[in-house]
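# An overview of the molecular structure
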Amino acid sequence: MSHHQIAEATRRLHRSELAVPGSSPAFFEKAAASRADYVFLDLEDAVAPDDKETARRNVIEALADIDWRGSNKTVSVRINGLDTHYMYRDVIDVVEQAGAHVDTILIPKAGVPGDIYMVDALVTQIEQGMGLDHRIGLEALVETALGMANVEALAAASPRLEALHFGVADYAASLRARTITIGGLNPDYPGDQWHSALSRMLVACRANGLRAIDGPFGDFGDPEGFTAGARRAAALGYEGKWAIHPSQIELANEVFTPPASEVAQARRVLEALAEAAAAGRGAAQIDGRMIDAASARMARNVVETADAIGVG
(Lines give C-alpha, C1' and ligand atoms only; values in the text may rest on other atoms or scores of the structure.)
Protein backbone atom coordinates (compact mmCIF):
# COMPACT_ATOMS: atom_id res chain seq x y z
CA MET A 1 0.00 0.00 0.00
CA SER A 2 1.11 3.55 -0.67
CA HIS A 3 2.29 5.63 2.26
CA HIS A 4 -0.32 8.18 1.08
CA GLN A 5 -3.51 7.04 2.75
CA ILE A 6 -6.94 8.63 2.24
CA ALA A 7 -9.66 8.10 4.81
CA GLU A 8 -12.88 6.51 3.64
CA ALA A 9 -15.93 8.77 3.54
CA THR A 10 -18.90 8.13 5.77
CA ARG A 11 -20.23 4.64 5.10
CA ARG A 12 -23.92 4.49 4.24
CA LEU A 13 -26.05 1.71 2.83
CA HIS A 14 -26.70 2.94 -0.68
CA ARG A 15 -28.10 0.09 -2.82
CA SER A 16 -31.15 2.00 -4.02
CA GLU A 17 -31.70 5.75 -4.20
CA LEU A 18 -35.26 6.92 -4.77
CA ALA A 19 -35.73 10.27 -6.49
CA VAL A 20 -38.72 12.31 -5.28
CA PRO A 21 -39.68 15.68 -6.83
CA GLY A 22 -39.94 18.45 -4.27
CA SER A 23 -43.05 19.66 -6.05
CA SER A 24 -44.85 16.37 -5.27
CA PRO A 25 -45.28 16.31 -1.47
CA ALA A 26 -47.87 13.52 -1.74
CA PHE A 27 -44.95 11.17 -2.48
CA PHE A 28 -42.84 12.07 0.57
CA GLU A 29 -44.47 9.77 3.12
CA LYS A 30 -44.50 6.93 0.57
CA ALA A 31 -40.78 7.43 -0.01
CA ALA A 32 -40.11 7.26 3.73
CA ALA A 33 -42.11 4.05 3.97
CA SER A 34 -40.44 2.47 0.93
CA ARG A 35 -37.59 -0.04 1.02
CA ALA A 36 -35.16 2.37 -0.59
CA ASP A 37 -31.92 2.83 1.33
CA TYR A 38 -31.60 6.42 0.20
CA VAL A 39 -34.10 9.13 -0.72
CA PHE A 40 -33.23 12.39 -2.40
CA LEU A 41 -35.76 15.20 -2.45
CA ASP A 42 -35.26 17.00 -5.73
CA LEU A 43 -35.26 20.75 -6.23
CA GLU A 44 -33.60 20.61 -9.64
CA ASP A 45 -34.60 18.92 -12.90
CA ALA A 46 -37.84 17.35 -11.66
CA VAL A 47 -39.22 20.76 -10.64
CA ALA A 48 -40.52 23.36 -13.10
CA PRO A 49 -39.11 26.89 -12.74
CA ASP A 50 -42.43 28.31 -11.53
CA ASP A 51 -42.54 25.69 -8.76
CA LYS A 52 -38.99 26.10 -7.40
CA GLU A 53 -39.84 28.15 -4.31
CA THR A 54 -42.88 26.05 -3.44
CA ALA A 55 -40.83 22.87 -3.83
CA ARG A 56 -38.15 24.28 -1.51
CA ARG A 57 -40.76 25.00 1.16
CA ASN A 58 -42.26 21.52 0.70
CA VAL A 59 -38.86 19.88 1.17
CA ILE A 60 -37.98 21.90 4.28
CA GLU A 61 -41.31 20.98 5.84
CA ALA A 62 -40.92 17.29 4.97
CA LEU A 63 -37.40 17.15 6.38
CA ALA A 64 -38.66 18.38 9.74
CA ASP A 65 -41.98 16.52 9.87
CA ILE A 66 -41.06 13.04 8.61
CA ASP A 67 -38.93 10.68 10.69
CA TRP A 68 -36.54 9.69 7.91
CA ARG A 69 -33.93 8.19 10.20
CA GLY A 70 -36.56 6.26 12.11
CA SER A 71 -37.50 4.77 8.74
CA ASN A 72 -33.84 3.76 8.20
CA LYS A 73 -33.43 6.25 5.38
CA THR A 74 -30.55 8.44 4.44
CA VAL A 75 -32.13 11.64 3.15
CA SER A 76 -30.49 13.97 0.67
CA VAL A 77 -31.56 17.16 -1.09
CA ARG A 78 -30.58 17.83 -4.69
CA ILE A 79 -30.10 21.56 -5.03
CA ASN A 80 -30.29 23.54 -8.24
CA GLY A 81 -27.19 24.03 -10.36
CA LEU A 82 -24.57 26.66 -9.65
CA ASP A 83 -25.47 28.32 -12.95
CA THR A 84 -28.93 29.23 -11.60
CA HIS A 85 -30.10 31.87 -9.13
CA TYR A 86 -31.98 29.20 -7.16
CA MET A 87 -28.90 27.44 -5.81
CA TYR A 88 -27.75 29.79 -3.05
CA ARG A 89 -31.25 30.07 -1.59
CA ASP A 90 -31.64 26.26 -1.75
CA VAL A 91 -28.53 25.81 0.39
CA ILE A 92 -29.22 28.64 2.83
CA ASP A 93 -32.91 27.90 3.43
CA VAL A 94 -32.55 24.12 3.63
CA VAL A 95 -29.53 24.16 5.95
CA GLU A 96 -30.73 27.02 8.15
CA GLN A 97 -34.27 25.70 8.54
CA ALA A 98 -33.78 21.92 8.38
CA GLY A 99 -30.05 21.25 8.51
CA ALA A 100 -30.33 18.92 11.50
CA HIS A 101 -32.48 16.59 9.40
CA VAL A 102 -30.36 16.55 6.22
CA ASP A 103 -27.74 13.85 5.72
CA THR A 104 -26.27 15.08 2.44
CA ILE A 105 -26.65 17.74 -0.22
CA LEU A 106 -26.43 16.54 -3.82
CA ILE A 107 -24.74 18.98 -6.21
CA PRO A 108 -25.86 18.61 -9.84
CA LYS A 109 -23.69 19.02 -12.91
CA ALA A 110 -20.44 19.50 -11.02
CA GLY A 111 -17.84 20.58 -13.55
CA VAL A 112 -14.81 21.86 -11.62
CA PRO A 113 -13.63 21.49 -8.00
CA GLY A 114 -14.68 25.09 -7.31
CA ASP A 115 -18.33 24.06 -7.72
CA ILE A 116 -18.02 21.72 -4.76
CA TYR A 117 -15.87 24.19 -2.82
CA MET A 118 -18.55 26.85 -3.13
CA VAL A 119 -21.26 24.67 -1.64
CA ASP A 120 -18.87 23.43 1.05
CA ALA A 121 -18.07 27.03 2.04
CA LEU A 122 -21.74 27.97 2.29
CA VAL A 123 -22.65 24.91 4.34
CA THR A 124 -19.65 25.38 6.62
CA GLN A 125 -20.50 29.00 7.35
CA ILE A 126 -24.14 28.19 8.10
CA GLU A 127 -23.19 25.31 10.40
CA GLN A 128 -20.71 27.50 12.25
CA GLY A 129 -23.04 30.47 12.43
CA MET A 130 -25.92 28.41 13.81
CA GLY A 131 -23.80 26.16 15.99
CA LEU A 132 -25.02 23.02 14.28
CA ASP A 133 -23.45 19.87 15.68
CA HIS A 134 -24.71 17.73 12.81
CA ARG A 135 -22.23 17.71 9.91
CA ILE A 136 -23.88 17.61 6.49
CA GLY A 137 -22.15 15.59 3.78
CA LEU A 138 -21.86 16.52 0.13
CA GLU A 139 -22.38 14.41 -2.97
CA ALA A 140 -21.95 15.42 -6.60
CA LEU A 141 -23.36 14.40 -9.93
CA VAL A 142 -20.90 13.85 -12.77
CA GLU A 143 -23.13 14.44 -15.77
CA THR A 144 -21.27 16.62 -18.24
CA ALA A 145 -18.21 16.28 -20.42
CA LEU A 146 -16.55 18.95 -18.27
CA GLY A 147 -17.30 17.01 -15.09
CA MET A 148 -15.94 13.76 -16.48
CA ALA A 149 -12.82 15.51 -17.81
CA ASN A 150 -12.22 16.74 -14.25
CA VAL A 151 -13.60 13.77 -12.32
CA GLU A 152 -10.36 13.02 -10.46
CA ALA A 153 -10.15 16.61 -9.24
CA LEU A 154 -13.85 16.61 -8.31
CA ALA A 155 -13.37 13.49 -6.20
CA ALA A 156 -10.64 15.24 -4.19
CA ALA A 157 -12.42 18.59 -3.90
CA SER A 158 -13.76 18.51 -0.34
CA PRO A 159 -13.46 16.52 2.90
CA ARG A 160 -17.25 16.72 3.09
CA LEU A 161 -17.63 14.82 -0.17
CA GLU A 162 -19.04 11.31 0.29
CA ALA A 163 -20.09 10.08 -3.15
CA LEU A 164 -20.17 10.73 -6.87
CA HIS A 165 -23.18 9.79 -8.99
CA PHE A 166 -23.13 9.11 -12.72
CA GLY A 167 -25.81 11.28 -14.34
CA VAL A 168 -26.16 9.42 -17.59
CA ALA A 169 -28.97 11.52 -19.12
CA ASP A 170 -27.25 14.90 -19.08
CA TYR A 171 -23.94 13.19 -19.77
CA ALA A 172 -25.35 11.72 -22.97
CA ALA A 173 -26.72 15.13 -23.95
CA SER A 174 -23.37 16.77 -23.16
CA LEU A 175 -21.57 14.31 -25.44
CA ARG A 176 -24.32 14.47 -28.07
CA ALA A 177 -24.46 10.71 -27.80
CA ARG A 178 -27.09 8.87 -29.81
CA THR A 179 -29.04 6.86 -27.28
CA ILE A 180 -32.42 5.19 -27.09
CA THR A 181 -33.47 5.89 -23.50
CA ILE A 182 -31.97 7.34 -20.33
CA GLY A 183 -29.30 4.85 -19.30
CA GLY A 184 -30.17 2.50 -22.14
CA LEU A 185 -27.81 1.15 -24.76
CA ASN A 186 -27.60 2.00 -28.44
CA PRO A 187 -27.55 -1.28 -30.39
CA ASP A 188 -25.12 0.29 -32.88
CA TYR A 189 -22.46 0.39 -30.16
CA PRO A 190 -20.60 -2.90 -29.64
CA GLY A 191 -21.17 -3.30 -25.91
CA ASP A 192 -21.91 -0.85 -23.10
CA GLN A 193 -21.36 2.69 -24.33
CA TRP A 194 -21.24 3.98 -20.72
CA HIS A 195 -18.54 1.56 -19.56
CA SER A 196 -15.60 3.90 -20.02
CA ALA A 197 -17.23 6.73 -18.06
CA LEU A 198 -18.43 4.41 -15.30
CA SER A 199 -14.96 2.89 -14.96
CA ARG A 200 -13.20 6.23 -14.85
CA MET A 201 -15.57 7.67 -12.24
CA LEU A 202 -15.30 4.53 -10.12
CA VAL A 203 -11.51 4.73 -9.98
CA ALA A 204 -11.71 8.42 -9.00
CA CYS A 205 -14.16 7.56 -6.24
CA ARG A 206 -12.21 4.66 -4.77
CA ALA A 207 -8.91 6.54 -4.94
CA ASN A 208 -10.50 9.22 -2.76
CA GLY A 209 -12.53 7.04 -0.41
CA LEU A 210 -15.91 7.89 -1.96
CA ARG A 211 -19.00 5.82 -2.74
CA ALA A 212 -19.74 5.34 -6.45
CA ILE A 213 -23.43 5.36 -7.41
CA ASP A 214 -24.93 4.60 -10.81
CA GLY A 215 -27.64 6.93 -12.06
CA PRO A 216 -31.08 6.51 -13.58
CA PHE A 217 -32.60 4.10 -16.08
CA GLY A 218 -35.48 5.96 -17.68
CA ASP A 219 -37.69 3.15 -18.94
CA PHE A 220 -39.30 1.93 -15.73
CA GLY A 221 -41.46 -0.40 -17.83
CA ASP A 222 -38.31 -2.38 -18.69
CA PRO A 223 -37.18 -4.14 -15.50
CA GLU A 224 -34.84 -6.40 -17.46
CA GLY A 225 -33.00 -3.39 -18.88
CA PHE A 226 -32.71 -1.79 -15.45
CA THR A 227 -31.43 -5.01 -13.91
CA ALA A 228 -28.89 -5.56 -16.67
CA GLY A 229 -27.49 -2.06 -16.20
CA ALA A 230 -27.39 -2.46 -12.43
CA ARG A 231 -25.54 -5.76 -12.75
CA ARG A 232 -22.92 -4.22 -15.00
CA ALA A 233 -22.39 -1.41 -12.50
CA ALA A 234 -22.26 -3.83 -9.55
CA ALA A 235 -19.71 -5.98 -11.36
CA LEU A 236 -17.44 -2.94 -11.68
CA GLY A 237 -17.74 -2.09 -7.98
CA TYR A 238 -20.62 0.39 -7.75
CA GLU A 239 -22.58 0.38 -4.50
CA GLY A 240 -26.01 1.24 -5.81
CA LYS A 241 -28.25 2.78 -8.44
CA TRP A 242 -30.99 5.37 -8.66
CA ALA A 243 -34.64 4.39 -8.75
CA ILE A 244 -36.78 6.94 -10.57
CA HIS A 245 -39.87 4.78 -9.95
CA PRO A 246 -40.78 2.72 -6.87
CA SER A 247 -40.82 -0.44 -8.99
CA GLN A 248 -37.05 -0.12 -9.43
CA ILE A 249 -36.25 -0.12 -5.69
CA GLU A 250 -36.43 -3.87 -5.15
CA LEU A 251 -34.54 -4.50 -8.39
CA ALA A 252 -31.64 -2.36 -7.18
CA ASN A 253 -31.71 -3.82 -3.67
CA GLU A 254 -31.53 -7.34 -5.07
CA VAL A 255 -28.65 -6.64 -7.44
CA PHE A 256 -26.52 -4.78 -4.90
CA THR A 257 -27.12 -7.26 -2.07
CA PRO A 258 -24.42 -9.95 -2.05
CA PRO A 259 -25.96 -13.43 -2.56
CA ALA A 260 -25.95 -15.68 0.50
CA SER A 261 -23.56 -18.09 -1.24
CA GLU A 262 -21.10 -15.26 -1.91
CA VAL A 263 -21.28 -14.09 1.71
CA ALA A 264 -20.73 -17.63 2.99
CA GLN A 265 -17.71 -18.06 0.71
CA ALA A 266 -16.27 -14.72 1.87
CA ARG A 267 -16.59 -15.80 5.50
CA ARG A 268 -14.84 -19.07 4.66
CA VAL A 269 -11.98 -17.13 3.11
CA LEU A 270 -11.54 -14.99 6.22
CA GLU A 271 -11.69 -18.01 8.52
CA ALA A 272 -9.17 -19.95 6.43
CA LEU A 273 -6.75 -17.04 6.38
CA ALA A 274 -7.12 -16.52 10.14
CA GLU A 275 -6.23 -20.18 10.67
CA ALA A 276 -3.26 -19.86 8.29
CA ALA A 277 -2.01 -16.78 10.12
CA ALA A 278 -2.23 -18.60 13.44
CA ALA A 279 -0.06 -21.31 11.92
CA GLY A 280 2.47 -18.78 10.65
CA ARG A 281 1.39 -18.87 6.99
CA GLY A 282 0.40 -15.88 4.86
CA ALA A 283 -1.66 -17.85 2.36
CA ALA A 284 -4.11 -20.75 2.35
CA GLN A 285 -6.16 -22.89 -0.01
CA ILE A 286 -9.91 -23.29 -0.44
CA ASP A 287 -11.39 -25.69 -2.97
CA GLY A 288 -8.10 -25.93 -4.82
CA ARG A 289 -7.60 -22.17 -5.07
CA MET A 290 -4.91 -20.08 -3.44
CA ILE A 291 -6.06 -17.22 -1.22
CA ASP A 292 -3.94 -14.51 0.40
CA ALA A 293 -4.12 -11.00 1.86
CA ALA A 294 -5.73 -9.61 -1.31
CA SER A 295 -8.39 -12.32 -1.03
CA ALA A 296 -9.05 -11.16 2.53
CA ARG A 297 -9.59 -7.58 1.42
CA MET A 298 -12.07 -8.67 -1.25
CA ALA A 299 -13.85 -10.98 1.19
CA ARG A 300 -14.01 -8.27 3.84
CA ASN A 301 -15.82 -5.95 1.40
CA VAL A 302 -18.50 -8.58 0.87
CA VAL A 303 -18.91 -9.35 4.57
CA GLU A 304 -19.07 -5.70 5.60
CA THR A 305 -21.77 -5.03 3.00
CA ALA A 306 -23.76 -8.06 4.12
CA ASP A 307 -23.47 -7.03 7.76
CA ALA A 308 -24.71 -3.50 6.95
CA ILE A 309 -27.72 -4.96 5.17
CA GLY A 310 -28.28 -7.62 7.81
CA VAL A 311 -28.03 -10.67 5.54
CA GLY A 312 -25.82 -13.75 5.48
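The sections below set out a description of the structure shown in this document. (Residues numbered from 1 in each chain as written. Predicted model: local features only at pLDDT ≥ 70, side-chain atom pairs only at ≥ 80, totals over all residues. Heavy atoms only, no water.)

Glancing now at unusual backbone geometry. With phi around 60°, N72 is a residue other than glycine that occupies positive phi space. Considering the arrangement of structural elements, one finds N72 in the loop between α2 (52-65) and β3 (74-78). (Helix = DSSP H or I, 4+ residues; strand = E, 2+ residues; numbered from the N terminus.)

The next thing to look at is helix α8 (residues 195-207). Note that an α-helix has 3.6 residues per turn; residues three or four places apart therefore point the same way. Across its 13 residues, α8 extends 18 Å between first and last C-alpha, which sits within 8% of the 18 Å expected from 1.5 Å per residue. Along α8, the positions that sit buried rather than exposed are A197, L198, M201, L202, A204 and C205. The buried residues of α8 occupy one face: seen down the axis, they fall within an arc of 165°. Opposite the packed face of α8, turned more than 90 degrees from it, sit the exposed residues S196 and V203. (Expected span 1.5 Å × (residues − 1). Buried < 20%, exposed > 50% of the residue type's maximum accessible area, 1.4 Å probe, protein only. Arc of directions from axis to C-beta.)

A separate point is the sheet that holds β3. Taken in spatial order, the eight strands of this closed barrel run β1-β2-β3-β4-β5-β6-β7-β8, and their pairing is parallel. Taken pair by pair, the neighbouring strands of this sheet meet at an average axis angle of 30°, ignoring direction. Here strand β6 (residues 161-166) pairs with strand β7 (residues 211-214) via four bridges, running parallel. Within β7, the position partnered with H165 by the bridge is I213. (Pairing = 2+ DSSP bridges. Axes fitted to C-alpha atoms, helices over the stretch in contact; angles between N-to-C directions.)

Here we come to the nonpolar core. Formed by 69 residues in total, the largest nonpolar core has its most connected members in L63 and L164. Once residues lying within four places of it in the same chain are set aside, the contact partners of L164 are A140, V142, V151, A155, M201, C205, L210, R211, A212 and I213. One finds V269, A276, A296 and V302 within the second-largest nonpolar core, a separate group that totals 14 residues. (Core = buried A, V, L, I, M, F, W, Y, C linked by side-chain atoms within 4.5 Å. Contact = heavy atoms within 4.5 Å.)

Let us now look at the pattern of salt bridges. The tally for this structure, following the rule as stated, stands at 24 salt bridges. Residue R160 pairs with E127 through a salt bridge whose shortest N-O separation is 2.7 Å. Within this pair, whereas R160 is found in the loop between α6 (151-155) and β6, its partner E127 is found in helix α4 (residues 113-130), the two being separated by 33 residues in sequence. Among the residues examined, E127 registers a relative accessible area of 9% and is labelled buried. Residue R200 is joined to E152 by a salt bridge in which the shortest nitrogen-to-oxygen separation is 2.9 Å. Of the two residues, R200 is situated in helix α8 and E152 in helix α6; the sequence distance between them amounts to 48 residues. (Salt bridge = Lys/Arg side-chain N within 4 Å of Asp/Glu carboxyl O.)

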